[in-house]
Every structure is written in C-alpha cells, then in structure tokens.
Amino acid sequence: MKRTANFAILVLTAISILIPLNAGADDILKGIGKFANKAGEVLTEIKKAGLTERREKEKETERNGKLRTTSDVEGVKLKIKSCTADEDDNVIIEYTLRNTTDRDIKGYCDGDHVNAIDDEGNIYSGVGNVLFSQGKGEFVKFLYDSKYPAGLPVKFRIKIKNVEPEACKFERIDLYLNGFGGKVHAYNLPINRDTEEEEEVEID
C-alpha cells in the first residue's frame, strides 16, 4: 500500500514538472505521453532488477542447501573437511573415512570409483580426471592398499580436474569403496573459490 502511494506521488510530481500550469490541451497530451513512455522504461528496468535479484537469491539458496552424507553400506562414515578450487579450476576435496567396524579393512581407489555432478550439470569421473591422495601424500591416479583401521578415521583428498568455473557446488558425489563393498555419498557440497580465506566445512 505504501509503495502504491509513493508511486502515485511520483506520478503527480513528474506530471507537474513535465506539464506547465498554463499549458494547452495539446501540450498536456504530449506531456502525458512523454511521461507514460518514461514510466514504462522505468518499470521495465525495475522488473529486470527484481528478476535478477530473485535469481541471485535462488542461486544463493541452492548454494547454501543443507550438506549431508549417506552410505549404502554399514561400517563406514564419511566426513567432508573442505572443498576448495585452485587457480586452475581444479577442486580439492579433503575428507575422512571412519571404519566403524571391529576389524581392519583394506581397499583401493581410482577415478572410476568417483562420480561427481556439479550444479551446472557437468559430470566428473574417470582415471586421470579424478586423482587421489591419502593423508598429505602426492596425488596419484591409483591409490593402492588403503588401510582403514577399526574404529579410526583416515584422511584422504580427491582432486577433480577442470571443474566448470561457474559451478558453485557439487550436487552429489558418489564414492565407491571396494573394501566395504558399497558407496558413500555427499550432497550439496559448496565449492570454496576464495583461496585467501579457506574455511573448513564439516558434514556430520
């Protein structure tokens, strides 16, 4: 209601400026026509600005969707520690896998065990496209003989190469763990592109 009243006042003020008090009928009609054109342009710009703002808010809402992890098998828990893009648009995901069984487990990983989908619809998978590292070791195509001690977390890193620069998050990441005989999943994982202020993101 307040916006409507303010707009009406704006209309009357503009008309009074555009149309002199001693103007004739033709001048009045011309003045109203000019004002109508200007008002239409202004309203169009307002609508565009509103649409852009709404889309940005929708994007922010999607970006800030609830992060979560799941597992298809019992005995393992995934926790994401961080997800950061470097200057070459490679994304490094640091995570831990906790073996919740009462026995030590061994396994191996390669790029074919990963399937990642970003919010732009791109899919990342395959040996060479996805690299692995255990602890702070070097990234390799094949991570052989990974050990998961009973009851303890083990730190890993994944490097996903050439991620779309416009991507804000991974909608879903699937990681097959052959030692456990199933997959773990992460959903709505935001990509941190501010490398100067890296913040740890944890998913319980």
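None of the values given here were measured: they were computed from a predicted structure.

Student: So what exactly am I meant to see when it comes to the environment of D145 here?
Tutor: Along the chain, D145 falls in strand 8 (residues 142-148). On the basis of relative accessible area, D145 is assigned to the partly exposed category, the value being 42%. In sequence terms D145 and C109 are 36 residues apart; their C-alpha atoms lie 8.7 Å from each other. Those residues in contact with D145, other than ones at most four positions away along the chain, are K106, G107 and Y108. A polar contact of 3.1 Å, which involves the side chain of D145, links it to the side chain of K147.

Student: Looking at this structure, how should I read the pattern of salt bridges?
Tutor: Side chains that carry opposite charge are capable of pairing whenever their charged atoms lie near each other. In this structure the tally under the stated criterion is five salt bridges. In this structure, E94 and K155 form a salt bridge, with 3.4 Å as the shortest nitrogen-oxygen distance. Of the two residues, E94 is situated in strand 3 (residues 91-99) and K155 in strand 9 (residues 153-160); the sequence distance between them amounts to 61 residues. Judged by its relative accessible area of 34%, K155 falls in the partly exposed class. Between K147 and D145 there is a salt bridge, with its nearest N and O atoms 3.1 Å apart.

Student: What should I look at first to understand the sheet that holds strand 3 in this one?
Tutor: Through backbone hydrogen bonds, the strands of a sheet pair up, either in parallel or in antiparallel fashion. If you trace the four strands from one edge of the open sheet to the other, you get 2-3-9-7, paired in antiparallel fashion. Where the open sheet ends on each side, the last strands, each with one partner, are strand 2 (76-85) and strand 7 (130-134). Neighbouring strand axes in the sheet, compared pairwise and without regard to direction, differ in orientation by 20 degrees on average. Looking at chain direction, strand 7 and strand 9 are connected through five bridges and run antiparallel. Paired with S133 across the bridge in strand 9 is R157.

Student: Explain the pairing of strand 5 (residues 114-118) to me, please; I cannot follow it from the model alone.
Tutor: Successive residues of a regular strand alternate their side chains across the two faces of the sheet. Across the two faces of strand 5 the burial differs, with V114, A116 and D118 buried and N115 and I117 not buried at all. Strand direction decides the pairing type here: strand 5 and strand 6 (residues 123-125), joined by three bridges, are antiparallel. Note on strand 6: the bridge partner recorded for A116 is Y124. Here strand 5 hands over to strand 6 after four residues, with G121 in that stretch at a positive phi of 90 degrees.

So, how was this worked out
- Sequence positions are assigned chain by chain, starting from 1 and proceeding in written order.
- Residues qualify for local features only when their pLDDT is at least 70, as the model is predicted, and side-chain atom pairs are given and counted only at 80 or more; totals for whole chains, interfaces and linings, by contrast, use all residues.
- As a rule here, side-chain values come from all non-hydrogen atoms in the structure, and water together with hydrogens is ignored.
- Runs of H or I in DSSP of at least four residues are treated as helices and runs of E of at least two as strands, each being numbered from the N terminus.
- Classification of residues uses two cut-offs on accessible area relative to the type maximum, computed with a 1.4 Å probe and protein chains only: under 20% is buried, over 50% is exposed, and between them is partly exposed.
- Contacts between residues were defined by any pair of non-hydrogen atoms, one from each residue, lying within 4.5 Å.
- N or O atoms within 3.5 Å of each other form a polar contact, as long as, within protein, one can give a hydrogen and the other can take it, and as long as residues adjacent in sequence are counted only when both atoms are side-chain atoms.
- Any Lys or Arg side-chain nitrogen found within 4 Å of a carboxyl oxygen on Asp or Glu counts as a salt bridge.
- By the convention used here, strands pair only if DSSP detects at least 2 bridges between them.
- In this analysis an axis means a line fitted to C-alpha atoms, helices contributing only their contacting stretch, and an angle means the value between N-to-C directions, from 0 to 180 degrees.

None of this, on its own, says anything about what the molecule does.
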